[in-house]
Amino acid sequence: MLHVLAVDDERPALEELTYLLRRDSRIGRVTGAGDASSALRDLSRMLVEGEHLDAVFLDIRMPGLDGLDFTRLLTGFAAPPHVVFVTAHDDCAVTAYELGALDYLLKPVRPERLAESVRRVAAAAHRPAPHAEDAGLDPADEMIPVELGGRTRLVSRRTVTHVEAQGDYVRLHTADGGYLVRMPLSVLTKRWEGAGFIRIHRSTLVASAHITELRFDGGRAAVQIGDELLQVSRRHTREVRDLLVRRFHQPGEDGAPAGEARDGR
């Protein structure tokens with residue numbers, strides 16, 4: 001069964017679209033959103049929680065983030081959903097297909113035409129997904145949508161040095177600044193643990209690749225990341241130390257331990 005997201009800033013149009021989609025026996029779940037920014041937040045939450053989304057049915061002309069810009073942002077995801085445009089405007093079809101849209105429907109939507117779009121989505125959903133390398137994406141990276149000044153920006157996980165819990169949010173720290181994302185730190189820790197992120201405190205997650213020094217002072221540990229010195233809780237000290245020791249002893253390109261290759265000893 002398919003899981004789809006319907007997006008339209010006009011409530012009657014959104015209600016009509018979700019009604020028609022729910023009538024299709026091939027669709028098991030329909031989520032609705034009143035604008036593209038909300039849809040992007042919903043999609044980000046689904047990805048974090050491990051939910052799969054097969055397709056987005058969305059309007060083009062919407063205030064703020066429009067449907068075309070939303071689709072461009074989807075290219076930053078490792079496994080983006082398919083896109084079907086549902087719009088009253090016929091002047092964006094070429095651009096839509098250039099962006100990889102699966103279909104382009106004109107309002108008012110005819111049920112039989114929508115059924116054909118769902119058939120295309122179902123057929124595409126059963127095709128093997130392309131490898132990230134084939135799609136021109138870095139399989140070791142992930143893009144995180146964040147809101148900044150009323151706009152949505154994609155932040156690369158590779159640029160994140162550390163993460164701090166702030167209530168129901170986390171703050172992603174990068175060289176360019178910090179970004180708030182509504183997500184529990186525990187969820188992000190589990191999602192990113194395979195990418196070299198390690199918990200050093202109940203409120204702090206760090207990218208081990210950005211750690212330049214481990215310090216001990218009076219039995220307390222801290223890690224240096226850029227210009228910041230972050231405290232390591234006693235509970236996590238051994239784990240952090242063992243991780244950095246293993247990283248130090250990994251062979252470098254010349255066959256020597258990584259630390260020796262870097263220091264020239």
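Residues numbered from 1 in each chain as written. Predicted model: local features only at pLDDT ≥ 70, side-chain atom pairs only at ≥ 80, totals over all residues. Heavy atoms only, no water.

## Observations concerning the sheet that holds strand β13 (residues 213-217)
Pairing in this open sheet of three strands is antiparallel, and the strands run β13-β14-β15 from one edge to the other. Strands at the two margins of the open sheet, each flanked by one partner only, are β13 and β15 (228-232). Here the strands of the sheet are splayed against their neighbours by 30° on average, with no regard to which way each runs. Inspection of the sheet shows strand β14 (residues 220-225) paired to β15 by five bridges, in the antiparallel sense. Paired with Gln 224 across the strands is Leu 229, a residue of β15. (Pairing = 2+ DSSP bridges. Helix = DSSP H or I, 4+ residues; strand = E, 2+ residues; numbered from the N terminus. Axes fitted to C-alpha atoms, helices over the stretch in contact; angles between N-to-C directions.)

## Notes on the side chain of Thr 87
Structurally, the position occupied by Thr 87 is in strand β4 (residues 82-87). A relative accessible area of 0% means that Thr 87 is categorised as buried. Within the structure, the side chain of Thr 87 is placed 3.0 Å from the backbone nitrogen of His 89, a separation counted as a polar contact. Apart from the residues within four sequence positions on either side, Thr 87 is in contact with Asp 59, Ile 60, Tyr 104, Leu 105, Leu 106 and Lys 107. (Buried < 20%, exposed > 50% of the residue type's maximum accessible area, 1.4 Å probe, protein only. Polar contact = N/O pair within 3.5 Å; in protein donor to acceptor, adjacent residues only side chain to side chain. Contact = heavy atoms within 4.5 Å.)

## Some remarks on the pattern of salt bridges
Under the definition given, this model contains 15 salt bridges. A salt bridge links Arg 26 to Asp 24; its shortest N-O distance comes to 2.8 Å. The closest approach of N and O atoms between Asp 103 and Arg 113, which form a salt bridge, is 2.7 Å. Of the two residues, Asp 103 is situated in strand β5 (residues 103-106) and Arg 113 in helix α5 (residues 111-125); the sequence distance between them amounts to 10 residues. Here Arg 113 falls in the partly exposed class, since its relative accessible area comes to 24%. One network of salt bridges, with partners in common, ties together Asp 103, Arg 113, Glu 116, Arg 119 and Arg 120. (Salt bridge = Lys/Arg side-chain N within 4 Å of Asp/Glu carboxyl O.)

## Details of the side chain of Thr 31
Of note, Thr 31 is situated in strand β2 (residues 27-33). A distance of 3.2 Å separates a polar atom in the side chain of Thr 31 from a polar atom in the side chain of His 3. Among residues more than four places away in sequence, those in contact with Thr 31 are His 3, Val 4, Leu 5, Ala 6, Asp 42 and Met 46.

## What about the nonpolar core?
Membership of the largest hydrophobic core comes to 27 residues, with the highest contact counts inside it found for Leu 5, Val 7, Val 56, Leu 58, Phe 70, Phe 85 and Tyr 104. Elements that contribute at least two residues to this core include exactly β1 (2-7), α2 (36-48), β3 (55-58), α3 (67-74), β4 and α4 (93-98). Per-element tally for this core: the top contributor is α2, with five residues. Here Leu 5 is in contact with Thr 31, Gly 32, Ala 33, Ala 39, Leu 53, Ala 55, Val 56 and Phe 57, once residues within four sequence places are set aside. Val 30, Leu 105, Leu 114 and Val 121 belong to the second largest nonpolar core, which has 18 residues in total. (Core = buried A, V, L, I, M, F, W, Y, C linked by side-chain atoms within 4.5 Å.)

## A word on the packing of helix α1 (residues 11-23) against α5
The interhelical angle for the contact between α1 and α5, taken along N-to-C directions, is 65°, at an axis separation of 10 Å. Between α1 and α5 lies a crossing of right-handed hand. Contacts between α1 and α5 pair Leu 17, Leu 20 and Leu 21 from the former with Pro 111, Leu 114 and Val 118 from the latter. Looking at the contact of α1 with α5 residue by residue, the classes come out as six nonpolar, no polar and no charged. (Left-handed = near helix turned anticlockwise from the far one by under 90°. Nonpolar A, V, L, I, M, F, W, Y, C, P; charged D, E, K, R; others polar.)

## Here we look at the packing of aromatic side chains
Evaluated as defined, the whole model comprises three aromatic pairs. Taking the centre distance of 6.3 Å and the plane angle of 55° together, the rings of Phe 85 and Tyr 104 count as tilted. One end of the pair, Phe 85, is in strand β4; the other, Tyr 104, is in strand β5, and 19 residues separate them in sequence. Of the two residues, Phe 85 and Tyr 104, neither departs from the other in class, the shared state being buried. When the ring of Trp 192 is compared with that of Phe 197, the centres are 4.7 Å apart and the planes differ by 45°; the resulting orientation is tilted. Like Trp 192, the residue Phe 197 is buried in the burial classification. Pairwise contacts between aromatic rings join Phe 85, Tyr 97 and Tyr 104 into one cluster. (Phe/Tyr/Trp six-rings, centres within 6.5 Å; stacked < 30°, edge-to-face > 60°.)

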